Every structure is written in structure tokens, then in C-alpha cells.
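Topology and contacts: notes
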Amino acid sequence: MKVSYHGHSVVQINTQGKNIIIDPFITGNSLTDLRVEDVKADVIILSHGHNDHVGDTVELAKRNDALVVATDELSTFLSWQGVKTHGMHIGGSYQFEFGRIKLTQAFHGSSYTTNDNQIVYCGMPAGILLMSEGKTIYHAGDTALFSDMKLIGERHPIDLAFLPIGDNFTMGPEDAAYAAELLKAKTVVPIHYNTFPPIKQDPNQFIEMLSNINGLVLTPGEAIEI
């Protein structure tokens, strides 16, 4: 399974012959190496409805005839825009041909701001567990630290976890390091930092806070095999 990071919270996964992209915020993302017209996606998974996570979902989904997987309110909102969706909710899982997706809780908001400055409520935010090829990837989305991360790690031993460290809108490096201890993932990668001034962080300092956990800073475009 090939996994790559592309700035902010954008993660791509190649598994079972499918190209999966999580939170495809490309347009307006100064840190990404991606161009919308070059992205090939079979599946798009969204953690929540904020614009810097939904990003280019509609264009990518239509261009690639991709399936969008998201919480039910967000998937309904996107389906009204002509996108194929599969709605889920917190605690639920579903077996797709490429693997199983389970949504976990996350403590954050979830809304989409339209071009005419209307705020559309998009249900609850979520974390994402993707289980495929005998591996489990956890993308925490945008979240604060919460104690049930320990339960998530116990119920679903995690090979690779993507955790936000930006602070201000999500947990900061100290809380994210504690989250890593609770999750006990084999490898932890920081995300959601340095895109905007309020979330400026040094990811290497976060890595130094980890004890007995493999921390890995990925530059945009860098990939690993798990």
C-alpha cells in the first residue's frame, strides 16, 4: 500500500488498484504539490465540511467519476451538486471493494461556507479509519485531544496515523503527542500545520515530543509504503 502526503490534511492512498484521496484541499493550498487537473481519484473521503478539507471535491469527483464518502449530511449536500456519494456516520463502518472504512468521533466543527457567504451545516466531524491489505490507517481529521483515542487504538491497532498539530483550530503539538501515546500507532505523521499563520508549527519539534513511537515528517509529495 502506497501512502503519500500533499500538504495541509491531504493524503493519498493507493490500495487494491484504487486511488483514494482524503480531504483534497488543493486550490488555495500553498503547500501542496498537486494540481487538480492531474489528480486521478477513484474515491474521495472527507473528514468534515470545512472548505479547507472539502476543497476541490466536487470538481475532482465529476472529473474522475469518483465516489465521495462522508458523513450523511455532508454527503447529501454534495450529492445535490451532482456528485456520487456514500453517506456514513460516527461509529459506522462499511466494506467497500478496496477495504473497510469506519468513521470515528472527532471534536471540531463541520460546515461549508458558500460563495455567497452562507454557512451550510454539515453534521458532525469525523476521524477516518481505513482498513485494507491487512493494514489500518487513521486520519484524525481536525480534532481536539480526547481520551477515547485510547479506545480507537485498542479496538483497531493502527499502522499509520495522521494527526493535526497546528493548534488554534485543532490540537497543538503537545496534545497531539499525547494523542499518539493513546493511539499507540506504529508510525505517526503530523498534518494540518503551516498552511495559514495561526497554525504555524515546527513538525520536527512535534516528533521530538514522541516517546517510543516512530514519528515521521513527510514533505508534500513524499510517499511511503506500509
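Data block above holds the structure.
Please read all numbers here as calculations on a predicted model, not as lab measurements.

Concerning the nonpolar core
Of all hydrophobic cores here, the largest spans 50 residues; its most connected members are Val3, Ile13, Ile101, Tyr138, Leu163 and Val188. Per-element tally for this core: the top contributor is helix α5 (residues 173-183), with 6 residues. Residue contacts for Val188: discarding those within four places in its chain leaves Ala161, Leu163, Ala180, Phe206, Ile207, Leu210, Ile213, Asn214, Gly215 and Leu216. Among the nonpolar cores identified, the runner-up in size contains 22 residues, and Val36, Leu46, Leu60 and Cys122 belong to it.

Some remarks on the layout of surface pockets
Within this model, the largest pocket holds a volume of roughly 190 Å³. Those elements giving two or more residues to the lining of the largest pocket turn out to be β8 (99-105) and α4 (149-155). For the lining of the largest pocket, the element with the most residues is β8, which contributes 4 residues.

Some remarks on helix α3 (residues 72-79)
For α3, the full list of buried residues reads Leu74, Ser75, Phe77 and Leu78. In a view along the axis of α3, the buried residues occupy a sector of 160°, so they form one face of it. Considering only its buried residues, α3 is in contact with α1 (51-54), α2 (57-64), β5 (67-71), β6 (84-88), β9 (111-113) and β10 (119-121).

Some thoughts on the side chain of His48
With respect to the helices and strands, His48 occurs in the loop between β4 (43-45) and α1. Here His48 falls in the buried class, since its relative accessible area comes to 0%. Side chain to side chain, His48 and Ser47 meet in a polar contact 2.9 Å long. A polar contact of 3.3 Å, which involves the side chain of His48, links it to the side chain of His50. Dropping the residues within four chain positions of it, His48 is found in contact with His53, Val54, Leu74, His108, Gly109, Ser110, Pro125 and Asp142.

Some details on unusual backbone geometry
Backbone geometry at Asp65 places phi at a positive 55°, although glycine is not the residue there. For Asp65, the location among the structural elements is in the loop between α2 and β5. The exposure class of Asp65 is exposed, given its relative accessible area of 54%.

A closer look at the sheet that holds β4
Strand order in this open sheet of 7 strands is β6-β5-β4-β3-β2-β1-β16, and the pairing throughout is mixed. Here the strands that pair on one side only, and so sit at the sheet edges, are β6 and β16 (223-225). Across the sheet, the mean angle from the axis of one strand to that of its neighbour is 20°, orientation sign disregarded. In this structure, β4 lies alongside β5, joined through 3 bridges in parallel fashion. In the strand pairing of β5, Val43 is matched with Leu67. Of the strands in this sheet, β5 and β6 are in contact with α3, which crosses β5 at around 140°.

What counts as what
- Residues numbered from 1 in each chain as written.
- Predicted model: local features only at pLDDT ≥ 70, side-chain atom pairs only at ≥ 80, totals over all residues.
- Heavy atoms only, no water.
- Core = buried A, V, L, I, M, F, W, Y, C linked by side-chain atoms within 4.5 Å.
- Buried < 20%, exposed > 50% of the residue type's maximum accessible area, 1.4 Å probe, protein only.
- Helix = DSSP H or I, 4+ residues; strand = E, 2+ residues; numbered from the N terminus.
- Contact = heavy atoms within 4.5 Å.
- 1 Å grid on protein atoms, 1.4 Å probe; cavity = no way out; pocket = protein on both sides within 12 Å on 5 of 7 lines; lining within 4 Å.
- Points joined across faces, edges and corners; volume = space filled by probe spheres on them.
- Arc of directions from axis to C-beta.
- Polar contact = N/O pair within 3.5 Å; in protein donor to acceptor, adjacent residues only side chain to side chain.
- Pairing = 2+ DSSP bridges.
- Axes fitted to C-alpha atoms, helices over the stretch in contact; angles between N-to-C directions.

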